[in-house]
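Working through the structure, step by step
Now for the letters of each chain:
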Amino acid sequence: MKKLLLIILPLLIICAGTAFVLAQNNQKEVTNMTLTDKKILVAYFSWSGNTKVIAEKIHTQVGGDIFRIEPVTPYPDDYQETAYGIAKEQKDKGIHPPIKNTDISSYDVIFVGTPAWWYTMAPPVMTFLEQNNFEGKIIVPFVTHGGGGSYTIDKDMAKLAKGAKVLSPFVVANRGNSNTDKNITEWLDNLR
Ligand SMILES: Cc1cc2nc3c(=O)[nH]c(=O)nc-3n(C[C@H](O)[C@H](O)[C@H](O)COP(=O)(O)O)c2cc1C
């Protein structure tokens, strides 16, 4: 009996180990299917720089191209004027302001970054999603906020970007902290 155990036990350990390694590989494969061999764009709007910082961190990890979504008429530098003036008016009246030309047609996966503005994405990002053809493309949202979280920004994006598949967002307060790079890596690893 003791002899039998000596043979069976190592076999069991080897089987369990193999199963674990296979499960890990399978997980990586899912990630690779999302990003490997795809043309990637990181597009973001940023007023005070937080979303820009996160966009650059994501770009460092995923590669591809990066650009900033810019309204034709820039927002004022003053917080009160922007937050309680123009941005509030755009939110209340459903205005999607004109933005400088963008062409996403050659990309498969588009990371779309926005600050939370009045409980949803910033209006120039709405214009970006509305005026481009996202049919068959993957959108990966990322959101920076001042304490309110990401609200329903991913769902709001899906409504505007017709035909796109919208994945789960990366969400961070302001421009993150010393763990943000690691958190981005983990989020990318688990992209679905
Ligand atoms: C017009 C405006 C509206 C905002 N609305 C919200 C909000 O609804 N919820 C929230 O948590 N933070 C809100 N914030 C804070 C920003 O989301 C936060 O500071 C963000 O990181 C700024 O990103 P940026 O530096 O890329 O512009 C708002 C800021 C501005 C200027």
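This report concerns the structure included in the present document. (Residues numbered from 1 in each chain as written. Predicted model: local features only at pLDDT ≥ 70, side-chain atom pairs only at ≥ 80, totals over all residues.)

**Topic: the nonpolar core**
In this structure, Ala43, Ile110, Phe111, Val125, Leu129, Ile139 and Met157 are the most contacted members of the largest nonpolar core, which totals 40 residues. Element by element, the count of residues in this core is highest for strand 3 (residues 109-117), at six residues. Other than its neighbours up to four places away in sequence, Met157 contacts Val112, Met121, Leu129, Ile139, Pro141 and Val166. (Core = buried A, V, L, I, M, F, W, Y, C linked by C-beta atoms within 7 Å. Buried ≥ 20, exposed ≤ 12 C-beta atoms within 10 Å, placed from the backbone. Helix = DSSP H or I, 4+ residues; strand = E, 2+ residues; numbered from the N terminus. Contact = placed C-beta atoms within 7 Å.)

**Quick notes on the site of the ligand**
Around the ligand there are 21 residues in total, and Asn50, Thr51, Pro115, Gly146 and Gly148 lie nearest to it. Of all the secondary-structure elements, those providing two or more residues to the shell around the ligand are helix 2 (50-62), helix 3 (79-93), strand 3 and strand 5 (138-145). (Near = placed C-beta within 6 Å.)

**Quick look at the environment of Lys165**
Following the sequence through the fold, Lys165 ends up in strand 6 (residues 165-166). Residue class for Lys165 comes out partly exposed when judged on the 14 C-beta atoms lying within 10 Å of it. Placed 56 residues apart in sequence, Lys165 and Val109 show a C-alpha to C-alpha distance of 9.5 Å.

**Description of the environment of Trp118**
Locating Trp118 in the fold gives a position in the loop between strand 3 and strand 4 (120-121). Considering only alpha carbons, one finds Trp118 and Gly148, 30 residues apart in sequence, at a separation of 9.6 Å. Apart from residues no more than four positions distant in its own chain, Trp118 is found in contact with Ala87, Lys88 and Lys91.

**Describing helix 3**
Compared with the 21 Å implied by 1.5 Å per residue over 15 residues, the 20 Å span of helix 3 between its first and last C-alpha is a close match. Looking one or two residues past helix 3, Gly94 carries a phi angle of roughly 65°, positive in sign. (Expected span 1.5 Å × (residues − 1).)

**Topic: the pairing of strand 7 (residues 170-173)**
Along strand 7, the buried face is formed by Phe170 and Val172; none of Val171 and Ala173, which line the opposite face, is buried. Where strand 5 meets strand 7, four bridges bridge the pair, whose relative direction is parallel. Across the sheet, residue Thr144 finds its bridge partner in strand 7, namely Val172. (Pairing = 2+ DSSP bridges.)

**Examining the environment of Tyr44**
Its place among the elements puts Tyr44 in strand 1 (residues 40-44). Taking the number of C-beta atoms within 10 Å as the measure of exposure, Tyr44 has 26 and is therefore buried. Residue contacts for Tyr44: discarding those within four places in its chain leaves Thr51, Lys52, Ala55, Arg68, Ile69 and Gly113.

**Structural notes on the pairing of strand 2 (residues 65-68)**
Here strand 1 runs beside strand 2; their pairing, made up of four bridges, is parallel. Residue pairing across strands places Leu41 opposite Asp65, the latter belonging to strand 2. What joins strand 1 to strand 2 is helix 2, and the crossover it makes is right-handed. (Right-handed = clockwise from strand over helix to strand, strands pointing away.)

Purely geometric stuff here, so don't read any function into it on its own.
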